[in-house]
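# Descriptive analysis of the structure
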Amino acid sequence: MSSASVLYDAPGPRARLRYRIYSVVVVVIAAALLWFVYDAFNSKGQFEAAKWKPFLEGDIWSTYLLPGLRGTIEAAGLSIVFALVIGMVFGILRLSDHRSVRIFAGTVVEVARAIPVLILMIFLFAMFSQNNVFPSDQLALAAVVTALTVYNGSVIAEIVRSGIRSLPRGQSEAAVALGLRKNQVMRLVLLPQAITAMLPALVSQMVVALKDSALGYQITYVEVVRAGKQLGAAEQNTIPALLVIAVIMIALNYTLSVIATRLERWLRTRKRGSRTALPANASTAAPGMSLT
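Because the structure is predicted, anything quoted here is derived from the model rather than measured.

What counts, and where the lines are drawn
- Residues numbered from 1 in each chain as written.
- Predicted model: local features only at pLDDT ≥ 70, side-chain atom pairs only at ≥ 80, totals over all residues.
- Heavy atoms only, no water.
- Helix = DSSP H or I, 4+ residues; strand = E, 2+ residues; numbered from the N terminus.
- Buried < 20%, exposed > 50% of the residue type's maximum accessible area, 1.4 Å probe, protein only.
- Contact = heavy atoms within 4.5 Å.
- Areas by Shrake-Rupley, 256 points an atom, 1.4 Å probe, with all protein chains shown as cover.
- Axes fitted to C-alpha atoms, helices over the stretch in contact; angles between N-to-C directions.
- Parallel < 35°, antiparallel > 145°, perpendicular 65-115°, else oblique.
- Left-handed = near helix turned anticlockwise from the far one by under 90°.
- Phe/Tyr/Trp six-rings, centres within 6.5 Å; stacked < 30°, edge-to-face > 60°.
- Salt bridge = Lys/Arg side-chain N within 4 Å of Asp/Glu carboxyl O.
- Lys, Arg positive; Asp, Glu negative; His and termini not counted.
- Polar contact = N/O pair within 3.5 Å; in protein donor to acceptor, adjacent residues only side chain to side chain.
- pLDDT = per-residue confidence, 0-100.
- Patch = residues over 30% accessible without salt bridge, like charges linked within 9 Å, V, L, I, M, F, W, Y side chains within 5 Å.

What follows is about the overall build of the protein chain. Within the protein chain, the secondary structure is distributed over ten helices and zero strands. Counting the 292 residues in the protein chain, one finds 33% classified as buried. Taking the contacts inside the protein chain whose residues are at least 6 apart along the sequence as the reference set, 71% of them involve residues at least 24 apart. Of the roughly 18600 Å² of accessible surface on the protein chain, 65% is carried by carbon and sulfur atoms.

Below, the structure is given as structure tokens:
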């Protein structure tokens, strides 16, 4: 049987040869760029042992990196939780049967999505400080968390709305036919299925929130990027410090993605298991007899 795709013709010998040549060219160009960057850093002495030695000292981590890492995780964690709640609420409100509710929720979501996160952080920081809304030591954290919550909550609201609308219309119609109320249909039928489908998009938005927490550097919030800059200024090793920060951020994002992937796999496995449980039980009962 032919293994050709139904979407496009299988490449012939000449096309495969061209693809191999293109691949080799891309690899060579990438290697050349990496060598150029390495050579530039090496010529400036950025890879000398003295510049990397501070990262082997415990005081450097306890003074700079660990407090910055804690600040990043705290701001990202709070904003992700609040954004999920707000996103769920406004995503459902945008599907309301009442036109006024849909217009209100849609206006809030569109305005929140249109405001740049950094501008929102600066505005909130100034507003909170002038009106003494939060204690002085919590102003930066409050501004960062609020700004990230507003923006990411609006994006999650659109994800929720599109995820629910992507479900077959027969799901809600069957639930209504069984006598469920609208809130029960949404809570028991639509949302559990939509969350599984939305999980990859939700994880992507969580990664965005984690990375955008670095914008708090502009309003003096102590997070991992700011800590790296302070470390680089103190130890005169800015480039090594930023490279270490980059590795830490990559590890955080990768860990979040792995956790979400395993959660999605667990949800899908549990969903398939619940589907197969009913026929197994039903087969043990005679027609017309109750299983209870």
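That covers the picture; the talk isn't over yet.
What follows deals with the packing of helix H3 (residues 58-93) against helix H9 (residues 224-235). Running from N to C, H3 and H9 point in directions that differ by 160 degrees, and their axes come no closer than 7 Å. In terms of their interaxial angle, H3 and H9 are classed as roughly antiparallel. The element H3 and its partner H9 pack so that their crossing is right-handed. Facing H3, whose interface residues are Ile60, Tyr64, Leu65, Gly68, Leu69 and Thr72, H9 presents Val224, Ala227, Gln230, Leu231, Ala234 and Glu235.

Our focus in this paragraph is the packing of aromatic side chains. Enumeration over the complete set of coordinates arrives at six aromatic pairs. Put simply, the rings of Trp35, Tyr38, Phe41, Phe47, Trp52 and Phe55 touch in pairs and so form one group of aromatic residues.

The next subject is the pattern of salt bridges. The final tally for this structure, using the stated rule, is five salt bridges. The salt bridge partner of Arg94 is Glu110, with a shortest N-O separation of 3.8 Å. With Arg94 in the loop between H3 and helix H4 (99-114) and Glu110 in helix H4, this pair connects stretches of sequence that are 16 residues apart. On the basis of relative accessibility, which here comes to 38%, the residue Glu110 falls in the partly exposed class. One salt bridge in this structure joins Glu158 and Arg161, with 2.8 Å as the shortest N-O distance. Here the residue Glu158 and the residue Arg161 both occupy positions in helix H6 (residues 139-165), the gap between them amounting to three residues, near one helical turn. With relative accessibility at 19%, the residue Arg161 sits in the buried group. Taken together, the shared-partner salt bridges in this structure form one network comprising Arg94, Glu110, Arg113, Glu158 and Arg161.

Inspection of the secondary structure puts Glu223 in the loop between helix H8 (182-212) and H9. In this structure, Glu223 is buried with no salt-bridge partner, the nearest side chain bearing the opposite charge being Arg226 at 6.5 Å. Only 2.8 Å separates the side chain of Glu223 from the backbone nitrogen of Val225, close enough to count as a polar contact. Sequence-distant contacts of Glu223, that is, excluding residues within four places in its chain, are made with Gly68, Thr72, Ser213, Ala214 and Tyr217.

Regions with low pLDDT carry predicted coordinates that are not meant to be interpreted in detail. The predicted model of the protein chain averages 82 in pLDDT, with 89% of residues at 70 or higher. Model confidence for the protein chain, summarised as mean pLDDT per element, is weakest for helix H7 (residues 169-177) at 73 and strongest for helix H5 (residues 117-131) at 92. Low pLDDT (under 50) marks residues 276-292, which in the prediction has three contacts with non-local residues, meaning those over four places away or in another chain.

It is worth spelling out unusual backbone geometry at this point. Although it is not a glycine, Asn132 sits at a positive phi angle of roughly 50 degrees. With respect to the helices and strands, the residue Asn132 is situated in the loop between H5 and H6. With a relative accessible area of 64%, Asn132 lands in the exposed category. The phi angle at Thr220 is positive, at roughly 70 degrees, despite the residue not being glycine. Looking at the secondary structure, you find Thr220 in the loop between H8 and H9.

Attention now moves to a nonpolar patch on the surface. Together, Leu17, Tyr19, Ile21, Tyr22, Val25, Ile29 and Leu33 make up a nonpolar patch on the protein surface, roughly 710 Å² of accessible area in all. By secondary structure assignment, the location of Ile29 is in helix H1 (residues 13-43). Classification of Ile29 as partly exposed rests on a relative accessible area of 47%.

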